[in-house]
Amino acid sequence: MPNQRYADGEMVMGRWPGSVLYYEVQVTSYDDVSHLYTVKYKDGTELALRESDIRSQSSFKHRKSQSSSSSPSRRSTSRSRSRSRSPGRAGKGRRRSSSQGREHKDDKKKTIQETNLALLVLGLLFKPSENNARRYNGEPDSTERNDTSIILEHKLKPDLDIKRVLEQYSLHPIKEKKKEEIYPEKKIFETTKTIEKTSSKTKELEFGGRIGTFALILFLPATVLHLLTMCEQDDPSLLNFPPPLPALENIWEARVFGIFLLWFFLQALFYLLPIGKVVEGLPLSNGRKLQYRINGFYAFMMTAAAIGILLYFQVELHYLYDHFMQFAVSAAVFSMGLSIYLYIRSLKAPEEELAPGGNSGYFVYDFFTGHELNPRIGSFDLKYFCELRPGLIGWVVINFAMLLAEMKIHNQSMPSLSMILVNSFQLLYVVDALWNEEAVLTTMDITHDGFGFMLAFGDLVWVPFVYSLQALYLVSHPTAISWPVAAAITILNCIGYYIFRSANSQKNNFRRNPSDPKLANLKFIPTATGKGLLVTGWWGFVRHPNYLGDIIMALAWSLPCGFNHILPYFYVIYFICLLVHREARDEHHCKQKYGLAWERYCQRVPYRIFPYIY
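You'll find the protein chain entered in an unreviewed UniProt entry as Delta(14)-sterol reductase LBR, with Opisthocomus hoazin given as the organism. The Pathway (unreviewed entry) field of the UniProt record for the protein chain holds the comment "Steroid biosynthesis; cholesterol biosynthesis." The UniProt entry for the protein chain carries this comment under Sequence similarities (unreviewed entry): "Belongs to the ERG4/ERG24 family."

Below you can see the structure in the form of structure tokens.
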């Protein structure tokens, strides 16, 4: 068993990962099992390094003294040669020597400037993120872009940045031979790029891999049909299984499919209108930032105006309730066709535009999870559009249609109190999402997951037709509740919403601008990626506190339906299962991404929403 070579607390020189540059670090600990040293850089970053990546400070000082001792000998040799000139040529030789000396000094000065500038650029490219740490502490940094992934961006294209800086200062290009000597990292860069390109394949498969994703492609549409069929039964008990299969004419109608297409393209038209601000998303793996138009709330208001016009002309919106199954099937068929189109176009997408979680090389898995990260038709972002527009706004329209259907079927002048609560709670949730539309740009759906069947079916089918299950249930199974019970349920929903919104606001604001004075009271743990992990506020109380708010709200949405059947609580059960998966995925992702910093965060925040599930 190898012994520990460097003692704890010893100051050594540690190599920064991905480069050949060494920085002064302090050894904090040594792992006898993995034989890795935990070292701490001056900016507070902690990394685990191998012994081969660590050098003693004495070895660096010895090399420096050797290089400095060799230069005087060369200068003395030059002087001795100039002194050996014959006395008869002294005047001419002195003038020539003076002229050549000035030229030699000028050339040497230019070479030194080029070399120093090149080394300065390399230092900026690979130096641990001192500027990021300075920005986290609230200190202004006018020379740095507000980009937490700038180090990653520079690592991917260092030669381009060096060339840009040299051209900016109008420096003469360095000869190829000298460039090879000054930048020996070039081969390392090319090797690193090759490794990253070959290792960009998705290795860890979720959802049960190929077999699991194939089963989900069949299981999800069948689940939606089963839930909608059960809601139409007089006794929607789970014991009444299987329910009678609907007739073919009750599943498909061309006119309904045409109305769905009209709805989809109407929302696309609202999305393309030049209203609302344009913002940049988070940096991609290549450092590029995509632009998004934030006008979801305007689209919602225009949709509400269109619904008002239809009511004014006495268009029967309960048509949606009468053909609800057919609308769900139409949406499922459309989402399948959209998924096929997305996969075919992703085959021609560059490697850097593929989703990190959907590039396994297996057709079924990549088709389900999404092969391309941000598929766009010009400036029209398909994933971002489907994330909030057709399905989320359609959810509110469906709930409203169910409210009108309840009044008509039961001959009521006013909707029931239960229906009002369900519509109000879910309307608040949708309006909040659209009002804070910019926050969705920091979610894993946008930054990590590709756009395939999973998101297409989820956005266009699952959200509008499963999330509205409580309203659909109340049409066929009216439930009366008292005002005190309604008040208690309302308070419960408000508590969940407050946790959900405040936790998400803290996270989104910190991700976008960590130096915001409004966040000065928040503490965080710096990481090697340049980002910080919050350890105060809601995120210092429990991990993923926004999930806690989601669960409380989901329960409040189901309670107005009473306790006669478990069907209205399907959403709660599904949501808990979904959040268990997401929390486990986030824990694994953060552990790989942040390393030792995530372990420190887990020690500071030991509580989880589902502590005994995984």
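### Side note on the UniProt feature "transmembrane region" (unreviewed entry) in the protein chain
Mapped onto this numbering, the UniProt entry gives "transmembrane region" (unreviewed entry) at residues 207-228, 254-273, 294-313, 325-344, 455-475, 481-500, 521-542 and 562-581. Across residues 325-344 one finds 100% helix and 0% strand; the C-alpha atoms that close the span lie 29 Å apart. The span residues 455-475 is 90% helix and 0% strand, and its two end C-alpha atoms sit 29 Å from each other.

### With respect to the pattern of salt bridges
With the rule as written, the count across this model stands at eight salt bridges. Note that R501 and D432 form a salt bridge whose closest N and O atoms lie 2.7 Å from each other. A residue pair is termed long-range when its members are at least 10 positions apart, and R501 in helix α19 (residues 483-512) and D432 in helix α15 (residues 417-435) qualify at 69 residues. Across the pair, exposure class does not vary: R501 and D432 are buried alike.

### Some words on a nonpolar patch on the surface
A cluster of nonpolar side chains, namely I309, L310, Y312, F313 and V315, defines an oily patch on the protein surface of about 540 Å² accessible area. In this structure, Y312 sits in helix α10 (residues 296-312). When its relative accessible area of 66% is taken as the criterion, Y312 is described as exposed.

### Side note on the environment of F327
Within the element layout of this structure, F327 appears in helix α12 (residues 324-346). For F327, a relative accessible area of 7% translates into the label buried. A sequence separation of 75 residues divides F327 from W252, and the C-alpha atoms of the two residues are 8.2 Å apart.

### Some details on the packing of α15 against α19
Where α15 contacts α19, the axes come no closer than 11 Å and their chain directions differ by 10°. For the element pair α15 / α19, the angle class is roughly parallel. Across the interface between the two elements, L417, L421, F425, L428, Y429 and D432 of α15 pack against W483, A486, I489, T490, N493, Y497, F500 and R501 of α19. Class assignment for the residues of the contact of α15 with α19 results in 10 nonpolar, two polar and two charged.

### Comments concerning the side chain of S335
Tracing the backbone through its elements, the reader meets S335 in helix α12. Apart from residues no more than four positions distant in its own chain, S335 is found in contact with A456, F457, L460 and V461.

### Focus on the packing of aromatic side chains
In the structure shown here, the tally under the stated rule is 43 aromatic pairs. Ring centres of Y6 and Y37 lie 5.7 Å apart, and the angle between their planes is 70°; this geometry places the pair in the edge-to-face category. Taken as a pair, Y6 in the segment before β1 (11-15) and Y37 in strand β3 (residues 36-40) lie far apart in primary sequence, 31 residues in all. Here Y37 falls in the buried class, since its relative accessible area comes to 0%. One Lys or Arg, R210, reaches over the ring of Y362 and ends 4.0 Å from the middle of that ring. The ring of Y292 carries the charged tip of R376 above its face, separated from the ring centre by 4.9 Å.

### Description of the sheet that holds strand β2 (residues 22-31)
The five strands lie next to each other as β4-β3-β2-β1-β5, forming an open sheet whose pairing is antiparallel. Looking at the sheet topology across the chains shown, the edges are occupied by β4 (46-49) and β5 (54-55). Here β2 pairs with β3 via five bridges, running antiparallel. Within β3, the residue paired with Q26 across the bridge is K40.

### Some words on helix α17 (residues 453-466)
Under the 1.5 Å per step criterion, the end-to-end length of α17 is only 17 Å for 14 residues, more than 12% shorter than the ideal 20 Å. At D459, α17 shows its largest kink, close to 40°.

### Brief notes about helix α8 (residues 209-231)
Across its 23 residues, α8 extends 32 Å between first and last C-alpha, which sits within 8% of the 33 Å expected from 1.5 Å per residue. Along its length, α8 reaches its greatest deviation from straightness, about 25°, at I217, and the proline P221 lies no more than four positions downstream. Burial in α8 covers these residues: G209, G212, T213, I217, L220, T223, V224, L227, L228, T229, M230 and C231. Where α8 is buried, its residues meet α12, α13 (363-369), α17, α18 (469-476) and α22 (570-594).

Calculation criteria
- Residues numbered from 1 in each chain as written.
- Predicted model: local features only at pLDDT ≥ 70, side-chain atom pairs only at ≥ 80, totals over all residues.
- Heavy atoms only, no water.
- UniProt positions renumbered as here; feature names shortened; annotations may be inferred.
- Helix = DSSP H or I, 4+ residues; strand = E, 2+ residues; numbered from the N terminus.
- Salt bridge = Lys/Arg side-chain N within 4 Å of Asp/Glu carboxyl O.
- Buried < 20%, exposed > 50% of the residue type's maximum accessible area, 1.4 Å probe, protein only.
- Patch = residues over 30% accessible without salt bridge, like charges linked within 9 Å, V, L, I, M, F, W, Y side chains within 5 Å.
- Areas by Shrake-Rupley, 256 points an atom, 1.4 Å probe, with all protein chains shown as cover.
- Axes fitted to C-alpha atoms, helices over the stretch in contact; angles between N-to-C directions.
- Parallel < 35°, antiparallel > 145°, perpendicular 65-115°, else oblique.
- Contact = heavy atoms within 4.5 Å.
- Nonpolar A, V, L, I, M, F, W, Y, C, P; charged D, E, K, R; others polar.
- Phe/Tyr/Trp six-rings, centres within 6.5 Å; stacked < 30°, edge-to-face > 60°.
- Lys NZ or Arg CZ within 6 Å of the ring centre and 35° of its normal.
- Pairing = 2+ DSSP bridges.
- Expected span 1.5 Å × (residues − 1).
- Bend = angle between axes of the 7 residues up to and from the residue.

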